[in-house]
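One-letter residues, chain by chain:
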Amino acid sequence: MNIKENIRIAVFSIRSNLMRSVLTMLGIIIGVSSVIAIITVGNGGRDYIINQVRDMGQNVVSVSVDTTHDSSEWITRDDIELIKKQENVAYVSPQGMSIGSTQTATTSGMAFVISGNTDLQQLSALSLSQGRFFNEDEYNSAAPVCLIPTMGAQMLFGRSDVRGEYIDYTDMNNGGTVHLRVIGMVEMDLMGSGSSDQMADFMESSGLMGSMGTNMTMLILPSTVIDQLAGSDGRYEMINIMATDESKLDEVGNLAANILYNRHNNAGTGAYTVTNMATYIDLLDNIIKILTTFIAGVSAISLVVGGIGVMNIMLVSVTERTREIGIRKALGARTGTILFQFLTESVILCLIGGVIGFILGVAGAAAVAYFMNIPIEMKLSTIAIAVGFSSAIGIFFGIYPARRAANMLPIDALRRE
Amino acid sequence: MPLIDIHDVYKIYNPGENEVRALDGVTLSIDHGEFVAIIGHSGSGKSTLMNMLGLLDECTSGRYYLDGHNVSHLSDDELSEIRNKQIGFIFQGFNLISSLTAQANVELPLIYRGMKREERSRLATEALSRVGLEKRAGHRPAQLSGGQQQRAAIARAVAARPPIILADEPTGNLDSKSGEDVMRILHELHEEGRTVILITHDNEIADEAQRVIRIHDGRIVEDIKRG
């Protein structure tokens, strides 16, 4: 008795009890599709989040000042210059953030300002679509120039290239106003990468735009401009450092902190905190992995329930077909043949369920990804899991009914009505 | 050497106080090419004897030689193989598989013999046409009359060309016309040289055989051979 014959018998038997077979498969379908959907969305979501975080600070270490400390302990421009001269340091920039209002000839709105020195471009992985970044001279002279995302330009001016236009920015902290000239357009979202559509989506979905009742954009300026508005001589709560080599990140971060402690005479106070983004990425990665595994595990329970359903139906099938089994044995079917026949049937039942579940799961994941605007990642291993899992369930839950069928004495089976 | 040779066979249910001796020391031998009727009332043990002879059931004690081989203590799979090769069964209730066509039913023993599809199909078609069912090969049992079902079952029994045909009340569920057809086919098989063993409670049917073995309370009480 070959395997083709077996499969034919199994398919035939599944088809002749179609309704029952479909109901039985339902458990497997639900189980497999939810596991697949969760794993796929989980993987895609994880990659998305990790990439976002990584773009924000790949190869970047932050040194920040504990805010309870006096402003004399804050990081000065001279500190930054010194740190920049150290070995393995590629770029250093203050990381300033502030919020204020904008005014152009025709519109008014809000702005989220990121400020730094000329190294900010590399540190934030900003990509220019038009124009240029501010240069050393502009930075040193606190020239009133700015860069704006193309999306922000659309909102304020109704077009994407607004180089040479002017924006009046009034800082919310200090009330100072500066007349900024746009010198460059950047492609970015809030996280610092990707397309500006995502920023628009984010703002829209977070209600940022609605709650402000106005146009919200991001502006990038030399930190000296903000310093001038605030009347400060350039002291910063946070700097970002990029190392020449990712493996030197911790070293560079600690070196910078030591320099700061030395120069501010505050060693042992714990004023400065070194934050390596890679550590966070690892942590985040682990948390998401654990979450995904956990949720997938929970939905795998439905697979077990589905498997028990298959076993139940196979037992019914064995009982119903006792006579058939008796006839087959009387005609010369071996124990193994009968075992294999019923096992094939339950595996096929589960495999069909698995394939349908897989398709539904991927469709579900694609739908979720579409509405949440995250990419999905389809791994070969996911397919292997779906197929492997459902056939394993078929075998595991099919073996008992199949053995029961196979071990029946032909005479007992024939006598049963 | 007899084809079937059983010695002192007992089949005892519920051994102990309420034991039932379905077979109570049966010794019997049947030669190649015989047409034997085993006759008895219901409960006489004739069905048990048939199951024993057909290797569908195991005896409590005794020895069974089939074609000179001791088959008393074989494994399940060995018994399946012998049934497949040596014995064609015809049951009172036909015992066709309802989900399969007549053709597929007839092919079953050939499948279990590991025969190739083409050969299987050829032999099954041949067997079906010999019982006059060639036009019904694609029908399911439910689409056939009782007589046709029994003829399909006979086709199944003979398709693999086993030396022994074991028929358990083959006419029991049939009208007299269909019963006659079945008996005619059995005679033909006998004339071809097969050993036909017929179990029945009907004296008239039994009288058609060359040899009549009467069983009562699990014992052979009469064994008449006729020319």
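Residues numbered from 1 in each chain as written. Chains lettered and ligands numbered in written order. Predicted model: local features only at pLDDT ≥ 70, side-chain atom pairs only at ≥ 80, totals over all residues. Heavy atoms only, no water.

## A word on the sheet that holds strand β9 (residues 211–216) of chain B
Residues and elements named next belong to chain B. Strand order across the open sheet formed by six strands is β6-β7-β8-β3-β9-β10, with mixed pairing between neighbours. A single partner strand is all that each edge strand has here, and the edge strands are β6 (87–90) and β10 (219–225). Ignoring strand direction, the axes of neighbouring strands in this sheet form an average angle of 15°. In this structure, strand β3 (residues 35–39) lies alongside strand β8 (residues 195–200), joined through five bridges in parallel fashion. Across the sheet, residue I39 finds its bridge partner in β8, namely T200. (Pairing = 2+ DSSP bridges. Helix = DSSP H or I, 4+ residues; strand = E, 2+ residues; numbered from the N terminus. Axes fitted to C-alpha atoms, helices over the stretch in contact; angles between N-to-C directions.)

## Notes on the interface of chain B and chain A
Taken together, the 25 residues of chain B in the interface contact 21 residues of chain A. In total, chain B and chain A occlude about 2300 Å² of area from one another, counting both sides; carbon and sulfur atoms represent 53% of this. Notably, a salt bridge pairs R415(A) with D57(B), separated by 3.9 Å at the nearest N-O pair. Joining chain B to chain A, the criterion identifies 11 residue pairs in polar contact (both at pLDDT 80 or more). Residue assignment for the side of chain B that touches chain A shows that the elements contributing at least two residues are α2 (76–86), α3 (102–112) and α4 (117–130) of chain B. With six residues, α2(B) is the largest single contributor of residues to the side of chain B that touches chain A. (Contact = heavy atoms within 4.5 Å. Buried area = accessible area lost by both parts, 1.4 Å probe. Salt bridge = Lys/Arg side-chain N within 4 Å of Asp/Glu carboxyl O. Polar contact = N/O pair within 3.5 Å; in protein donor to acceptor, adjacent residues only side chain to side chain.)

## Some thoughts on the packing of aromatic side chains
Residue and element names in this part refer to chain A. The full count for this structure, using the stated rule, is five aromatic pairs over all chains. Both rings, one in Y261 and one in Y272, keep their centres 4.9 Å apart while their planes meet at 65°; by these two values the pair is edge-to-face. One end of the pair, Y261, is in helix α10 (residues 249–264); the other, Y272, is in strand β13 (residues 272–276), with 11 residues separating them in the sequence. The burial state of Y261 is the same as that of Y272; both residues are buried. (Phe/Tyr/Trp six-rings, centres within 6.5 Å; stacked < 30°, edge-to-face > 60°. Buried < 20%, exposed > 50% of the residue type's maximum accessible area, 1.4 Å probe, protein only.)

## Some remarks on the pairing of β8(B)
Residue and element names in this part refer to chain B. The buried count for β8 comes to six of six residues, which makes it a mostly enclosed element. Here β8 shows two buried faces, one formed by T195, I197 and I199 and the other by V196, L198 and T200. Pairing between strand β7 (residues 164–168) and β8: five bridges, direction parallel. Bridge pairing links D168 to I199 in β8. For the crossover from β7 across helix α6 (residues 176–191) to β8, the handedness is right-handed. (Right-handed = clockwise from strand over helix to strand, strands pointing away.)

## A word on a negative patch on the surface
A cluster of acidic residues, D78(A), E81(A), E136(A) and D137(A), forms a negative patch on the protein surface. Looking at where D78(A) falls in the secondary structure, it is placed in helix α3 (residues 77–84). (Patch = residues over 30% accessible without salt bridge, like charges linked within 9 Å, V, L, I, M, F, W, Y side chains within 5 Å. Areas by Shrake-Rupley, 256 points an atom, 1.4 Å probe, with all protein chains shown as cover. Lys, Arg positive; Asp, Glu negative; His and termini not counted. Charge placed at Lys NZ, Arg CZ, Asp CG, Glu CD.)

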